[in-house]
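# Tertiary structure, described
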Amino acid sequence: MAAEFTCNQEIIEVARRNLTQDVWDYLTGAAESETTLRRNRYALDKLAFLPRVCRDVSKVDPSSTFLGHKLRIPVMLAPIGSLQAIHEGGGAASCTAASKFGTIPMISSITLPSLEDCAKSAEGPKIFQLYVRGDKAWIRDILGRAKAAGYTALALTVDSAVYGIRERQLMNAYQPPSVKAQTNRHLQSAITWELMDWIKAEWGGPFILKGVATAVDTKMAIERGVDIIYVSNHGGRQLDHCLGAMETLPTVVAAAAGKAKILIDGGFVRGSDVIKAVALGADAVLIGRLQGWALAAGGADGLLRCLELLEREITNTLALLGLVSFKELTKDYVCQVDPLGPCHEMSAFAHLPNGRLV
Ligand SMILES: Cc1cc2nc3c(=O)[nH]c(=O)nc-3n(C[C@H](O)[C@H](O)[C@H](O)COP(=O)(O)O)c2cc1C
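Residues numbered from 1 in each chain as written. Predicted model: local features only at pLDDT ≥ 70, side-chain atom pairs only at ≥ 80, totals over all residues. Heavy atoms only, no water.

## Some thoughts on the overall build of the protein chain
Stated formally: Each helix corresponds to a stretch of at least 4 residues labelled H or I by DSSP, and each strand to a stretch of at least 2 residues labelled E; elements are numbered beginning at the N terminus. Atoms considered for the radius of gyration are the C-alpha atoms alone. The globule rule reads 2.2 Å times the number of residues to the power 0.38. Only protein chains enter the area calculation, which uses a 1.4 Å probe; residues under 20% of their type maximum are buried, those over 50% are exposed, and those in between are partly exposed. Any two residues having at least one pair of non-hydrogen atoms within 4.5 Å are treated as being in contact. We get accessible surface area from the Shrake-Rupley algorithm with a probe of 1.4 Å; when it comes to residues, only the shown protein chains can shield them. This count recognises Lys and Arg as positive and Asp and Glu as negative, with His and chain-terminal groups excluded. A charged residue contributes its charge at one atom only: NZ of Lys, CZ of Arg, CG of Asp or CD of Glu.
Scanning the protein chain from N- to C-terminus turns up 14 helices and 12 strands. Taken over C-alpha atoms, the radius of gyration comes to 19 Å for the protein chain, in line with the 21 Å a tight globule of 358 residues would show. Seen through its C-alpha atoms, the protein chain measures out along the principal axes to roughly 60 × 45 × 40 Å. Across the 358 residues that make up the protein chain, the buried fraction comes to 55%. Long-range pairs, those at least 24 residues apart, make up 75% of the contacts in the protein chain between residues at least 6 apart in sequence. A total accessible area of about 14,700 Å² is found for the protein chain, and carbon and sulfur atoms account for 54% of it. Between the mean site of the 38 positive side-chain charges and the mean site of the 37 negative ones, the protein chain shows a separation of 2 Å.

What follows is the structure, encoded as structure tokens:
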């Protein structure tokens with residue numbers, strides 16, 4: 001069944017049918033006016049390509065590497081809390097799809113099944129994403145569990161000092177399971193650079209700072225030895241009225257000056273989006289909502305198919321740009337334009353019945 005999806009729009013339409021209104025809104029919605037959410041798409045929709053011609057593109061290799069691991073495409077899976085509300089397999093389904101496809105999942109500390117069960121569910125490298133929900137002893141314990149379970153890197157999320165005001169959730173009176181179950185949420189508000197230093201040292205391996213949005217924080221993080229800067233506004237679910245992630249990317253890339261790897265998420269739903277990010281200096285892109293929609297449409301198989309479709313789009317776009325691999329891609333292949341229409345979470349899909357799924 002899953003393998004029959006012909007494009008990701010089809011996957012999203014099935015996800016919409018499979019999810020109740022409140023879970024759809026939890027997954028798809030964002031904070032307050034949802035301006036940041038729309039700006040994520042705006043920032044992608046206002047980039048156009050400058051293709052080169054008369055080059056032999058009969059063999060295209062869309063692969064990449066991250067932390068020494070081969071990625072079949074430079075797309076990884078963003079951490080999603082409460083995945084079990086979207087698909088019964090939860091984080092384990094993401095791990096299965098990532099392993100079968102050849103990419104890396106980032107597993108949220110507030111999703112089910114447990115970090116150990118996610119790790120055991122499939123072969124291959126995995127990254128653990130931490131929300132702080134306890135004191136240093138609690139953090140030491142959960143990091144020890146993540147190390148013992150074999151996670152290869154740690155991502156600390158720092159754009160969530162308080163929970164975003166998500167009006168779709170409020171109006172539906174919907175609380176995701178992770179919010180219902182959580183204790184000590186307030187400790188996330190008390191994260192400082194000093195605590196980050198301590199967590200990073202305690203982890204002792206590759207360390208990702210998730211939720212960076214400015215040059216000044218990029219420089220501070222790199223001075224403190226952060227290996228990987230993850231540009232993200234949490235898919236617009238936290239601070240409203242941010243820049244789109246792709247508007248932030250060039251600033252962060254310039255500030256990092258090659259001293260850290262750069263990840264990005266926010267609005268990525270097409271192969272062409274991924275190519276725009278890599279052209280402007282990202283090492284890889286992560287998918288949040290698209291991952292959730294694919295799981296809702298067809299579980300691990302649906303997500304595997306979604307990644308295959310992204311691969312097809314990436315390979316196709318590279319060839320049409322006159323490129324055989326990401327190694328040759330530079331910022332000279334993109335330029336700024338005015339977007340053609342309204343930008344929103346569905347604006348990459350031209351054939352939706354009313355232009356939008358709600
Ligand atoms: C339903 C949902 C739950 C999320 N839960 C987490 C989480 O537990 N930890 C985290 O760091 N980010 C979380 N995020 C943010 C994603 O990791 C990612 O930054 C965002 O979804 C990227 O934007 P996109 O959805 O447009 O791809 C969540 C996002 C969604 C949609």
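## Some words on unusual backbone geometry
In this structure, the amide linkage connecting Leu112 to the following residue, Pro113, adopts the cis form with an omega of -5 degrees. Here Pro113 is to be found in the loop between β5 (106–108) and α6 (115–121). One non-glycine residue, Ala173, lies in positive phi territory at about 50 degrees. When its relative accessible area of 71% is taken as the criterion, Ala173 is described as exposed.

## Quick word on the sheet that holds strand β7 (residues 153–157)
The condition is simple: Two strands are counted as paired when DSSP detects at least two bridges linking them. Each axis is a line fitted through C-alpha atoms, and for a helix only the stretch in contact is used; angles between axes span 0 to 180 degrees, taken between their N-to-C directions.
In spatial order, the strands read β4-β11-β10-β9-β8-β7-β6-β5; together these 8 strands make up an open sheet with parallel pairing. A single partner strand is all that each edge strand has here, and the edge strands are β4 (75–77) and β5. Ignoring which end each strand starts from, the neighbouring axes of this sheet average 30 degrees apart. In this sheet, strand β11 (residues 284–287) lies alongside strand β10 (residues 261–265) in parallel orientation, the contact comprising 3 bridges. If you follow Leu263 over to β11, its bridge partner there is Ala284. Across the sheet, helix α12 (residues 245–256) lies against β9 (228–231) and β10, angled at about 170 degrees from β10, the strand it touches most.

## Observations regarding the pairing of strand β6 (residues 127–130)
Convention followed: With the strands pointing away from the viewer, any crossover whose connection runs clockwise from the first strand over the helix to the second is right-handed.
Residues Ile127 and Gln129 line one face of β6 and the alternating positions Phe128 and Leu130 line the opposite face, and both faces are buried. As paired elements, β5 and β6 share 3 bridges and run parallel to each other. By the bridge assignment, Ile107 is partnered in β6 with Phe128. Handedness of the β-α-β unit built from β5, α6 and β6 comes out right-handed. In this structure, β6 lies alongside β7, joined through 4 bridges in parallel fashion. The residue of β7 that forms the bridge with Gln129 is Ala155. Between the parallel pair β6 and β7, the chain is carried across by helix α7 (residues 136–148), and the sense of this crossover is right-handed.

## So, the packing of helix α2 (residues 21–28) against helix α14 (residues 289–321)
Threshold: For classification purposes, an angle smaller than 35 degrees is called roughly parallel, one larger than 145 roughly antiparallel, one from 65 to 115 roughly perpendicular, and anything else oblique. Note on residue categories: nonpolar means Ala, Val, Leu, Ile, Met, Phe, Trp, Tyr, Cys or Pro, charged means Asp, Glu, Lys or Arg, and polar means any other residue, Gly included.
In contact at an axis separation of 9 Å, α2 and α14 are set at 150 degrees when each is read in the N-to-C sense. Looking at the two axes, α2 sits roughly antiparallel to α14. Two secondary-structure elements touch here, α2 through Trp24, Leu27 and Thr28 and α14 through Arg289, Gly292 and Trp293. A breakdown of the residues in the contact of α2 with α14 according to their chemical character gives 3 nonpolar, 2 polar and 1 charged.

## Structural notes on the packing of aromatic side chains
Heads up, the rule is: For this analysis, a ring pair means two rings from Phe, Tyr or Trp (six-membered ring only for Trp) whose centres lie within 6.5 Å, classed as stacked if their planes differ by under 30 degrees, edge-to-face if by over 60, and tilted for the remaining angles. Placement of a positive charge over a ring is assigned whenever Lys NZ or Arg CZ falls within 6 Å of the ring centre and within 35 degrees of the normal to the ring plane.
A full pass over the atoms with the stated rule returns 3 aromatic pairs. Centre to centre, the rings of Tyr26 and Tyr174 are 5.9 Å apart; their planes meet at 50 degrees, and the pair counts as tilted. Here the residue Tyr26 occupies a position in helix α2, and Tyr174 occupies one in the loop between α8 (167–172) and α9 (177–181), the gap between them amounting to 148 residues. Taking the relative accessible area as the measure of exposure, Tyr26 reaches 6% and is therefore buried. The ring of Tyr230 has Lys210 sitting right over it, with the charged end atom 5.2 Å from the ring centre. The ring of Tyr26 has Arg237 lying over it, and the distance from NZ or CZ to the ring centre is 5.2 Å.

## Remarks on the site of the ligand
So the rule is basically this: Neighbouring residues are identified by heavy atoms, a residue being near a molecule or strand if any of them is within 4 Å of it. Polar contacts, as counted here, are pairs of nitrogen or oxygen atoms within 3.5 Å of one another; within protein the pair requires one atom able to donate a hydrogen and one able to accept it, and residues that are adjacent in sequence qualify only if both atoms are side-chain atoms.
Around the ligand lies a shell of 21 residues, among which Pro79, Ser108, Thr157, Asp265 and Arg289 are the nearest. Contacts to the ligand include Tyr131, whose side-chain N or O atom sits 3.0 Å from a nitrogen atom. Note that an oxygen atom of the ligand is positioned 3.0 Å from one of the side-chain N or O atoms of Lys210. For the ligand, whose accessible area on its own is 600 Å², the fraction buried by protein is 97%. Class assignment of the residues belonging to the shell around the ligand gives a composition of 7 nonpolar, 10 polar and 4 charged.

## What about the UniProt feature "active site" (unreviewed entry) in the protein chain?
As a reminder, the rule being used: UniProt positions are given in the numbering used here, feature names are shortened, and annotations may be inferred rather than shown by experiment.
When the UniProt feature table is mapped to this numbering, "active site" (unreviewed entry) covers His234. Within the secondary structure layout, His234 lies in the loop between β9 and α12. Classification of His234 as buried rests on a relative accessible area of 12%. A polar contact of 3.3 Å, which involves the side chain of His234, links it to the side chain of Ser160.

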